[in-house]
Amino acid sequence: MYAVNETKPTDLEKLDEKIADRIGDLTFRQEDVESCIDNAQDDIMDLNSEVVELRETVEDMQDTIQELQDKLEELTNE
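Residues numbered from 1 in each chain as written. Predicted model: local features only at pLDDT ≥ 70, side-chain atom pairs only at ≥ 80, totals over all residues. Heavy atoms only, no water.

**Description of a nonpolar patch on the surface**
(1) Moving on: Together, Leu12, Leu15, Ile19 and Ile23 give the surface a local cluster of nonpolar side chains, amounting to about 400 Å² of exposed area.
(2) Moving on: If you trace the backbone, leucine 12 turns up in helix α1 (residues 11-77).
(3) Moving on: By relative accessible area, which is 64% here, leucine 12 ends up exposed. (Patch = residues over 30% accessible without salt bridge, like charges linked within 9 Å, V, L, I, M, F, W, Y side chains within 5 Å. Areas by Shrake-Rupley, 256 points an atom, 1.4 Å probe, with all protein chains shown as cover. Salt bridge = Lys/Arg side-chain N within 4 Å of Asp/Glu carboxyl O. Helix = DSSP H or I, 4+ residues; strand = E, 2+ residues; numbered from the N terminus. Buried < 20%, exposed > 50% of the residue type's maximum accessible area, 1.4 Å probe, protein only.)

**Focus: the pattern of salt bridges**
(1) Moving on: On inspection of all chains with the given rule, the structure shows 2 salt bridges.
(2) Moving on: Arginine 22 is paired through a salt bridge with aspartate 25; the nearest N and O atoms lie 3.3 Å apart. Taken together, the residues arginine 22 and aspartate 25, both in helix α1 and 3 residues apart, mark about one turn of the helix.
(3) Moving on: Judged by its relative accessible area of 45%, arginine 22 falls in the partly exposed class.
(4) Moving on: The closest approach of N and O atoms between aspartate 25 and arginine 29, which form a salt bridge, is 3.4 Å. One end of the pair, aspartate 25, and the other, arginine 29, are both in helix α1, 4 residues apart, so they sit about a helical turn from each other.
(5) Moving on: Aspartate 25 sits in the partly exposed class, given a relative accessible area of 27%.
(6) Moving on: We classify arginine 29 as partly exposed; its relative accessible area is 46%.
(7) Moving on: Via salt bridges that share partners, Arg22, Asp25 and Arg29 belong to a single interconnected network.

See below:
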C-alpha cells in the first residue's frame, strides 16, 4: 500500500483561504446591495408615474372647479 502524506496547510494557504472567503462574502453583499438599488429605482419610477397621474387629476379638478365657479357667477349675476 501507498502511504498517504497529509500535510497541514501553511500560513500562506490559510491566509489565501480566508481572503477567498472574504471576497466571496463581499461579492454576495455587493450583489445584494445592487439588487436593493435596482428595486429602489423601480419603486421610484413607479412613484414618479403616480405623481404624474395625480398632477393630471389635480389639473382636471382645478379646471372643473373653475368651470363651476364661472357657472355660479353667471347664475348669481342673472
